[in-house]
Amino acid sequence: MSATSDPRLKAESVTVRPLAAFDETVRVLGSKSYTNRYLAIASLSGQETVIDNALLSDDTLYLSRALEAFGHVTCDIDHAAARIRVTPTGRPMRAPQEEIFVGGAGTPLRFLISMAGHAEGTTVINGNARMQERPMGDLLTALPPLGVDAIAVRGNGSPPIRIVGGSFKGGATTISGAVSSQFTSSLIINALRAQSDTEITISDELVSKPYVEMTLAALKEMGVSVERDGYRRFTVPAGQQARGGQVTVEPDASGMSYFLAAAAILESRVTIPGIGAGSHQGDVHLVEAFERMGCHTQVTGSDITLSGGRLRGIDIDMEAMPDVVPSLAIAAAYAEGTTRITNIASLRVKECDRIAAVTTELRKMGIDVEEHADAMYITGGTPHAAVIDTYDDHRIAMTFAIGGLRTEGVVIKDPGCVAKSFPAFWQTLDALHPSLESTI
């Protein structure tokens, strides 16, 4: 059964049954962040590129279709091989007549806003209802100095966004890094095709720095050099061409986090192959947080192993790895004492307000959570059964499914929302626990 044919993706709910201790090797799909980056860079390279171990999820498929809409590349998807072949058509980039729709795919939308600056004509990019609430103003302000006219159609800084392209000349611009590092990555990647050198200055503190490191690593692997002054300034010299050929996506560290959390709360052992100490994904450092909580870990150059132990609360700044805050939070619910998770304001503007969502659902399970504007203080206890609302947010669904491995009676509503980043999640969970029930 393929991931997309899993009936649980169309179910009303899934009931997760508790699981005894396990000792398993779990293979996680390719990184969503790297797949998106390789796709964007490949589309600008002018050469055929094959992306192996690609994550084929809602986000990456939205980006593939959007790239094709500009007419300059085709993106052939091989689901069985987890491969995307990006092939130039020989035609110039042109704005599509129809609006580009990206659903809830935040990274693709941000990359596409800058990319539309290369396409002749006027491009309109839009998303779902939640995406139409998410702020894009910092990116829209940074593009005009580079020659690109980009505005929010409704004047509120959020999609739909209208871009007049064919004018990405380069030069110097300044952008805030306080809301999303994806704005900076969008500018760096698309400066590849600028007419002159592009200098990007960060006006304040850059959040989620590891995601910019991933952008720079992907560009370097594809033969593009970026000069930098720490996290304050990035310069992309003009005239470079990304190489074509083959690239391989490493496993997704965010997807890995759920299986690390499962081992942590069940005092079990899990090994994740294909990702190790050399990864630029910031989320790999969740391993260190679990070690501080009482787990035992082994990280080599090629795999990560975690053995759960008696968990205790910790104080931790999670600004550099916000996407795995929910995974940490579910482990904190089973730990002795209080876990104080701080510097996570960026979670307020994700697919849902993840601070509010995690707080609400943990309280349903009887866990004491103190909610702050940019923090959660979670006092561990004995979570009880609950029906979990998932807010059309893949990370909320996967996080609380892990809680259901230890606590009986956890029901996950709208389990299909995991398709945004991890369509094979329920099947991968089957490797640990083949007794999930769905309600169609």
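We now turn to the structure provided with this report. (Residues numbered from 1 in each chain as written. Predicted model: local features only at pLDDT ≥ 70, side-chain atom pairs only at ≥ 80, totals over all residues. Heavy atoms only, no water.)

Our focus in this paragraph is the sheet that holds strand β18 (residues 315-317). The mixed open sheet is built from 4 strands, whose spatial order is β18-β19-β21-β20. If you trace the sheet from one side to the other, it starts and ends with β18 and β20 (368-372), each paired once. Ignoring strand direction, the axes of neighbouring strands in this sheet form an average angle of 10°. Taken strand by strand, helix α10 (residues 354-364) contacts β20 and β21 (375-379), and its axis lies near 160° from that of β20. (Pairing = 2+ DSSP bridges. Helix = DSSP H or I, 4+ residues; strand = E, 2+ residues; numbered from the N terminus. Axes fitted to C-alpha atoms, helices over the stretch in contact; angles between N-to-C directions. Contact = heavy atoms within 4.5 Å.)

What follows concerns the sheet that holds strand β5 (residues 83-88). Within a sheet, neighbouring strands are paired by backbone hydrogen bonds and run either parallel or antiparallel to one another. In space, the 4 strands of this open sheet follow the order β4-β5-β3-β14, with mixed pairing throughout. The open sheet has two edge strands with one neighbour each: β4 (73-78) and β14 (245-248). Adjacent strand axes in the sheet meet at a mean angle of 15°, parallel and antiparallel pairs treated alike. As defined by bridge partners, β4 adjoins β5 across 6 bridges and the pair is classed as antiparallel. Across the sheet, threonine 74 pairs through a bridge with threonine 87, a residue of β5. This element, helix α1 (residues 32-45), spans β3 (49-52), β4, β5 and β14 of the sheet and lies at about 20° to β5.

So, about the side chain of serine 327. Topologically, serine 327 is positioned in helix α9 (residues 325-332). Reaching out from serine 327, the side chain makes a polar contact with the side chain of serine 257 at a distance of 2.7 Å. Serine 327 has contacts with Ser257, Tyr258, Ala261, Leu286, Phe290 and Thr399, leaving out every residue within four places of it along the chain. (Polar contact = N/O pair within 3.5 Å; in protein donor to acceptor, adjacent residues only side chain to side chain.)

Inspection of every chain in the model, using the stated rule, returns 23 salt bridges. Across the pair glutamate 48 and arginine 85 runs a salt bridge, and its minimum N-O distance is 3.2 Å. Taken together, the residues span a long stretch of sequence, with glutamate 48 in the loop between α1 and β3 and arginine 85 in strand β5 at a distance of 37 residues. The class of glutamate 48 is partly exposed, set by a relative accessible area of 38%. Residue glutamate 371 pairs with arginine 348 through a salt bridge whose shortest N-O separation is 2.9 Å. Of this pair, glutamate 371 sits in strand β20 while arginine 348 sits in the loop between β19 (338-342) and α10, and the two are 23 residues apart along the sequence. The network of salt bridges with common partners includes Lys32, Asp59, Asp323, Lys350, Glu351, Arg354, Asp393 and Lys420. (Salt bridge = Lys/Arg side-chain N within 4 Å of Asp/Glu carboxyl O. Buried < 20%, exposed > 50% of the residue type's maximum accessible area, 1.4 Å probe, protein only.)

Here the focus is the nonpolar core. Residues Phe259, Phe290, Met318, Leu362, Phe425 and Trp426 are the most contacted members of the largest nonpolar core, which totals 77 residues. Leave out the neighbours within four places in its chain, and phenylalanine 425 touches Tyr258, Phe259, Met398, Ala401, Ile402 and Val418. In this structure, Ile113, Met115, Ala152 and Ala217 belong to the second largest nonpolar core, which totals 68 residues. (Core = buried A, V, L, I, M, F, W, Y, C linked by side-chain atoms within 4.5 Å.)

In this section: helix α3 (residues 106-115). For α3, a buried count of 10 out of 10 residues is recorded, marking the element as mostly surrounded by other parts of the structure. Among the residues of α3, those classed as buried are Gly106, Thr107, Pro108, Leu109, Arg110, Phe111, Leu112, Ile113, Ser114 and Met115.

Let's shift gears to unusual backbone geometry. The peptide bond linking proline 159 to proline 160 adopts the cis configuration, its omega dihedral lying at 5°. With respect to the element layout, proline 160 can be found in the loop between β8 (149-152) and β9 (161-165). The phi torsion at asparagine 343 lies on the positive side, around 60°, for a residue other than glycine. On the secondary structure map, asparagine 343 appears in the loop between β19 and α10. Residue asparagine 343 is classed as partly exposed on the basis of its relative accessible area of 36%. Of note in the backbone geometry, tyrosine 391 takes a positive phi value of approximately 60° without being a glycine. With respect to the helices and strands, tyrosine 391 occurs in the loop between β22 (386-388) and α11 (394-404).

It is worth spelling out helix α6 (residues 209-221) at this point. Compared with the 18 Å implied by 1.5 Å per residue over 13 residues, the 19 Å span of α6 between its first and last C-alpha is a close match. Of all the 13 residues making up α6, 11 are buried; the element is thus mostly covered by neighbouring parts of the structure. The inward-facing, buried residues of α6 abut α1, α5 (181-190), β12 (227-229), β13 (233-236) and α7 (253-265). Immediately beyond the C-terminal end of α6, within one or two residues, lies glycine 223, with a positive phi of roughly 85°. (Expected span 1.5 Å × (residues − 1).)

Before going further, it helps to examine the packing of aromatic side chains. Throughout the structure, instances matching the rule amount to 7 aromatic pairs. With 6.0 Å between their ring centres and 45° between their planes, phenylalanine 259 and phenylalanine 425 make a pair best called tilted. Here phenylalanine 425 lies in helix α12 (residues 425-430) and phenylalanine 259 lies in helix α7, a separation of 166 residues in the sequence. Across the pair, exposure class does not vary: phenylalanine 259 and phenylalanine 425 are buried alike. Pairwise contacts between aromatic rings join Tyr258, Phe259, Phe422, Phe425 and Trp426 into one cluster. Against the face of tyrosine 231 rests lysine 209, its NZ or CZ located 5.6 Å from the ring centre. Across from the ring centre of tyrosine 231, 5.0 Å away, lies the NZ or CZ of arginine 228, which sits over that ring. (Phe/Tyr/Trp six-rings, centres within 6.5 Å; stacked < 30°, edge-to-face > 60°. Lys NZ or Arg CZ within 6 Å of the ring centre and 35° of its normal.)

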